[in-house]
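# Chain and residue survey
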Amino acid sequence: MTIPTLQGTIQVPGDKSISHRAIIFGAIAEGKTTVSNFLRSNDCLATLQAFRQMGVHIEEEGKHLIIDGVGMQGLKESQEPLNMQNSGTSTRLLAGLLAGQLFDSQLLGDASLSKRPMGRVITPLSQMNGRMMATDGHLPMVINGEVLHGIHYRLPIASAQVKSAIILAALTAQSDTTIEEPLPSRDHSEKMLKLFSPESIDKKNHLITIHPGHPLTGQQIEVPADISSAAFFLVAAAIVPGSEVTIERVGLNPTRDGIIRVLQEMGADLTIEGIDQPGEPMANLTVKAGPLKPFHIKEADIPALVDEIPVLALLATAADGVSTISGAQELRVKESDRLTAIRSELGKLGAAIEEKPDGLIITGGRPLQVQNAALDSFGDHRIAMTLQVASLLVDQTVTIKDADCMAVSYPTFTSDLHTLIKE
Ligand code: S3P
């Protein structure tokens, strides 16, 4: 087996976070919302299905959606539980929205989602008079819709999902809500709400204020390519010798672009060609393989690259020296315990990774070599895709258990990667 190179141009699918929010805000707006480049992945389809169950008419034409908004009071009780499948974003954002809808809802999830902490949304929503019951802070969750009141809430962790849950609940409340963030997390909910209803939100520094009572109006949303999906190609092109890859129209929201800063700090050969247009910022990104310096990622950097840590750990194995990741304890409560998964599975490929309670220490610079070819994704899409990129660097066939979990965020990942491979 020879090691291939990667060459060519690729468009990765639409942004997962923005696709969820386009459905949610479109559903509670008045009038039609159109969404182009919607991500048809399992997570976003869980959100779509939930709103259909609550009586929202959504037409799908490939990656294009037309949502007939029902307004803030127009959702209906679902006759069946809402199955959130593997999607933490669907669960937490819907918990917020449904807390203030005057009917009952039940949220379920798969085995992985049912292990993830929901207390982080139940605490602030309960302070707003939300009534929800979950077993030990986990799914399944029953929500008895109630009249909510506003609160002032300081988030204990930088979490866009928790922030967005409170924003959605606050839209139905009887008084204003203010939210303080310890560190800025992705701001897609705030940006989208500003678009659908400029009077509903004010943002000053780290303080977000929601003013309820203003209607949302349907919009046209273009979803940029997901930087978290682009990340796998950015890293692959940087570390597979002889590669050069361009990824088109990638969302470069400053609350999400931490991987770009890391690549620059490492001295990667990266070109950013900005695209001038309204809405979320986008750019074409080109990466060529070349020498890399190690990186140091600290707690304050985490929110802007939280989903990229697994593939950044792989990137670090190719750097000339010791890279460190700290303040990343949130990785332990994602779709898998990502710190353990990365240490153990890249370890099977000979990577020198030490696991800390809140991060990883990665000694780069030695070629990967298979020690155990049976790799496990732990059913986590980002671990599966990281391992598939890693497999390009080894001279032996490996297997990845439960690799079909990639469909959670990127159903065509394997075939897209193959279009770039030149033997
Ligand atoms: C997301 C926020 C992040 C991220 C997740 C998507 C979102 O989670 O890890 O994949 O769309 O709001 P946290 O906000 O819990 O860190």
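Criteria and thresholds
Residues numbered from 1 in each chain as written. Predicted model: local features only at pLDDT ≥ 70, side-chain atom pairs only at ≥ 80, totals over all residues. Heavy atoms only, no water. UniProt positions renumbered as here; feature names shortened; annotations may be inferred. 1 Å grid on protein atoms, 1.4 Å probe; cavity = no way out; pocket = protein on both sides within 12 Å on 5 of 7 lines; lining within 4 Å. Helix = DSSP H or I, 4+ residues; strand = E, 2+ residues; numbered from the N terminus. Buried < 20%, exposed > 50% of the residue type's maximum accessible area, 1.4 Å probe, protein only. Contact = heavy atoms within 4.5 Å. Expected span 1.5 Å × (residues − 1). Polar contact = N/O pair within 3.5 Å; in protein donor to acceptor, adjacent residues only side chain to side chain. Pairing = 2+ DSSP bridges. Phe/Tyr/Trp six-rings, centres within 6.5 Å; stacked < 30°, edge-to-face > 60°. Salt bridge = Lys/Arg side-chain N within 4 Å of Asp/Glu carboxyl O. Near = heavy atom within 4 Å. Sits in = over half its atoms within 2 Å of the grid points.

### Observations concerning the UniProt feature "binding site: 3-phosphoshikimate" (unreviewed entry) in the protein
The feature "binding site: 3-phosphoshikimate" (unreviewed entry), as given by UniProt, occupies Lys16, Ser17, Arg21, Ser159, Gln161, Asp307 and Lys334 in the numbering adopted here. For the largest pocket, the lining residues among the annotations just cited are Lys16, Ser17, Arg21, Ser159, Gln161, Asp307 and Lys334. Position of Lys16 relative to the elements: it lies in helix α1 (residues 16–28). Classification of Lys16 as buried rests on a relative accessible area of 8%. Not counting residues up to four positions away in its chain, the partners in contact with Lys16 are Leu39, Asp43, Cys44, Thr89, Asp226, His381, Arg382, Val408 and Ser409. Examined against the element boundaries, Ser17 turns out to sit in helix α1. The exposure class assigned to Ser17 is buried, which follows from its relative accessible area of 8%. Apart from residues no more than four positions distant in its own chain, Ser17 is found in contact with Arg186, His188 and Arg256.

### Side note on the environment of Thr412
Within the secondary structure layout, Thr412 lies in the loop between β22 (399–401) and α12 (413–420). You can call Thr412 partly exposed: its relative accessible area is 37%. C-alpha of Thr412 to C-alpha of Val12: the two residues are 400 residues apart in sequence and 9.0 Å apart in space.

### Structural notes on the UniProt feature "active site" (unreviewed entry) in the protein
In this structure's numbering, the residues bearing the UniProt feature "active site" (unreviewed entry) are Asp307. Mapped onto the elements of the fold, Asp307 is located in the loop between β17 (296–297) and α9 (309–317). With near-sequence residues (within four places) excluded, Asp307 lies in contact with Arg186, Ser228, Lys334, Arg338 and Arg382.

### Topic: α1
Across its 13 residues, α1 extends 19 Å between first and last C-alpha, which sits within 8% of the 18 Å expected from 1.5 Å per residue. Taken across its 13 residues, α1 has 13 buried, putting it largely inside the fold. For α1, the side-chain oxygen to backbone nitrogen distance between the N-cap and Ser17 is 3.0 Å, and the N-cap itself is Asp15.

### A few points about the sheet that holds strand β16 (residues 282–288)
Across the sheet, which stays open at both edges, the 5 strands sit in the order β15-β16-β14-β1-β23 with mixed pairing between neighbours. The strands lining the two open edges of the sheet, one partner per strand, are β15 (269–275) and β23 (421–422). Here strand β1 (residues 5–10) pairs with strand β14 (residues 244–251) via 4 bridges, running parallel. Bridge pairing in β14 links Thr9 to Thr246.

### Digging into the packing of aromatic side chains
Applying the stated rule across the entire model yields 5 aromatic pairs. For the pair Tyr410 and Phe413, a centre-to-centre distance of 5.3 Å together with 70° between the ring planes defines the contact as edge-to-face. Phe413 shares its class with Tyr410; the two are buried. An aromatic cluster is present here, built from Phe232, Phe233, Tyr410 and Phe413 joined pairwise through their rings.

### Re the pattern of salt bridges
One pass over the full model with this rule turns up 25 salt bridges. Put simply, Glu180 and Arg154 hold a salt bridge, and the shortest N to O gap is 3.6 Å. Linking Glu180 in strand β10 (residues 177–180) with Arg154 in strand β9 (residues 152–154), this pair joins segments that are 26 residues apart in sequence. The network of salt bridges with shared partners includes Arg116, Arg186, Asp307, Glu335, Arg338, Asp380 and Arg382.

### As for the site of the ligand
By nearness alone, every residue bordering the ligand is listed as Lys16, Ser17, Arg21, Thr89, Ser159, Ala160, Gln161, Arg186, Val306, Asp307 and Lys334. At 3.1 Å from an oxygen atom of the ligand is found a side-chain nitrogen or oxygen belonging to Ser159. Here an oxygen atom of the ligand sits 2.7 Å away from a polar atom, N or O, in the main chain of Ala160. The cavity where the ligand resides is the largest pocket. At the level of elements, α1 and α5 (160–170) are the ones that each hand at least two residues to the shell around the ligand.

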